[in-house]
Amino acid sequence: DAGDTEAFLKQNGIPYERLDQEEKLIERVVDNLQGGKVVGWSQGKFEWGPRALGNRSILADPRRTEMKDIVNVKIKFREPFRPFAPSVLSEKAEDYFVLADPPRHYPARFMLYVVDVKEDKRETIPAITHVDGTGRLQTVHKKFNPKYYRLIETFGDATGVPIVLNTSFNLKGEPIVNTPEEAFNTFSRSGMDTLVLGNYLIEKSELRNNK
């Protein structure tokens, strides 16, 4: 919870900002994503299952081709050909992916469909378009994850693209992070730029300045 997160940050002398207004937090994260930063996003309870769906995720701008290599090589420490998933607002998914009436597809909420990215959208979202023109999309619904939905919606308002690149918050060969300590440790050992633990925001540049 927030108390545990703040206690961990204070005990370890980690510089942070606490942004209790959700809109301000989301605006900061969206600004960072647009600026080419990679964000570790840890919210609420740990998710159980094969995919990270917005509670323990590493996020990046899907419009930037270079994000494929940056996230694979500098953050996940894995082969550069590995694909990433798009998290897309459910009601906007059909604009970008070959999937009729996305809200009615239950498995799509859990990143269980691989579908074609529409040909006229592949240059718009290259970071999540695999070499074969597909993407393993996650449709995000407001009622199931309102904060993550609002983040993607705000990114869409700013860029015209209601999608973020999403991959699980872990390094190669390691389990997905659970606690604030695990999240910070993974953040510290990778090329991520920003860490968001609930409403607490940590910038890698501030850690360097604090040494």
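The coordinates are above.
Criteria and cut-off values
Residues numbered from 1 in each chain as written. Predicted model: local features only at pLDDT ≥ 70, side-chain atom pairs only at ≥ 80, totals over all residues. Heavy atoms only, no water. Pairing = 2+ DSSP bridges. Helix = DSSP H or I, 4+ residues; strand = E, 2+ residues; numbered from the N terminus. Contact = heavy atoms within 4.5 Å. Axes fitted to C-alpha atoms, helices over the stretch in contact; angles between N-to-C directions. 1 Å grid on protein atoms, 1.4 Å probe; cavity = no way out; pocket = protein on both sides within 12 Å on 5 of 7 lines; lining within 4 Å. Points joined across faces, edges and corners; volume = space filled by probe spheres on them. Nonpolar A, V, L, I, M, F, W, Y, C, P; charged D, E, K, R; others polar. Polar contact = N/O pair within 3.5 Å; in protein donor to acceptor, adjacent residues only side chain to side chain. Patch = residues over 30% accessible without salt bridge, like charges linked within 9 Å, V, L, I, M, F, W, Y side chains within 5 Å. Areas by Shrake-Rupley, 256 points an atom, 1.4 Å probe, with all protein chains shown as cover. Salt bridge = Lys/Arg side-chain N within 4 Å of Asp/Glu carboxyl O. Buried < 20%, exposed > 50% of the residue type's maximum accessible area, 1.4 Å probe, protein only. Arc of directions from axis to C-beta.

Novice: So what's going on with the sheet that holds strand S2 (residues 39–42)? Which residues, and what values?
Specialist: Reading across from one edge, S1-S10-S9-S2-S3-S8-S4-S7 is the order of the 8 strands in this open sheet, with mixed pairing throughout. Looking at which strands have only one partner, the edges of the open sheet turn out to be strand S1 (17–18) and strand S7 (138–140). The pairing of strand S9 (residues 194–197) with strand S10 (residues 200–203) spans 4 bridges and is classified as antiparallel. Residue Thr-194 lies in a different strand from S10, and its bridge partner there is Glu-203. Sheet contacts for helix H1 (residues 2–11): S1, S9 and S10; angle to S10, the most-contacted strand, approximately 30°.

Novice: I'd like a description of the layout of surface pockets, backed by residues and values.
Specialist: Considered as a void within the structure, the largest pocket measures approximately 380 Å³ in volume. By residue class, the composition of the lining of the largest pocket is 9 nonpolar, 6 polar and 5 charged.

Novice: Now, about the side chain of Ser-168: what can you tell me, with residues and values included?
Specialist: Mapped onto the elements of the fold, Ser-168 is located in strand S8 (residues 163–168). Of note is the side chain of Ser-168, whose polar atom sits 2.5 Å from the side chain of Asn-170. Residue contacts for Ser-168: discarding those within four places in its chain leaves Ala-52, Arg-56, Ile-58, Lys-76 and Ile-176.

Novice: Would you mind going over a nonpolar patch on the surface in detail, with residue names and values included?
Specialist: A cluster of nonpolar side chains, namely Tyr-106, Phe-110 and Leu-112, defines an oily patch on the protein surface of about 300 Å² accessible area. Looking at the element boundaries, Leu-112 is found in the loop between helix H4 (93–96) and strand S5 (115–116). Under the relative-accessibility criterion, Leu-112 is labelled partly exposed at 46%.

Novice: A description of H1 should follow, citing residues and the corresponding values.
Specialist: Burial in H1 covers these residues: Thr-5, Glu-6, Phe-8 and Leu-9. Down the axis of H1, the sector holding all buried residues measures 160°, keeping them to one side. Away from its buried face by more than 90 degrees, H1 exposes Asp-4, Lys-10 and Gln-11. Contact partners of the buried residues in H1: S1, helix H6 (180–188), S9 and S10. Backbone geometry just downstream of H1 places Gly-13 in the positive-phi region, at approximately 60°.

Novice: An account of the pairing of S8 is needed here, citing residue identities and associated values.
Specialist: Most of S8 sits inside the fold, with 6 of its 6 residues counted as buried. Residues Ile-163, Leu-165 and Thr-167 point to one face of S8 and Val-164, Asn-166 and Ser-168 to the other, with burial holding for every one of them. Sheet topology places strand S3 (residues 56–60) next to S8; 4 bridges connect them, and they run antiparallel. Bridge assignment links Leu-59 to a residue of S8, and that residue is Asn-166. Pairing geometry for strand S4 (residues 85–89) and S8, over 4 bridges, is antiparallel. The residue bridging Val-88 from the neighbouring strand is Ile-163, located in S8.

Novice: Go over the pattern of salt bridges with me, naming the residues and quoting the values.
Specialist: Counting across every chain of the model gives 15 salt bridges. Residues Lys-172 and Glu-79 are paired through a salt bridge, measuring 3.8 Å at the closest nitrogen-oxygen approach. Within this pair, whereas Lys-172 is found in the loop between S8 and H6, its partner Glu-79 is found in the loop between helix H3 (67–76) and S4, the two being separated by 93 residues in sequence.

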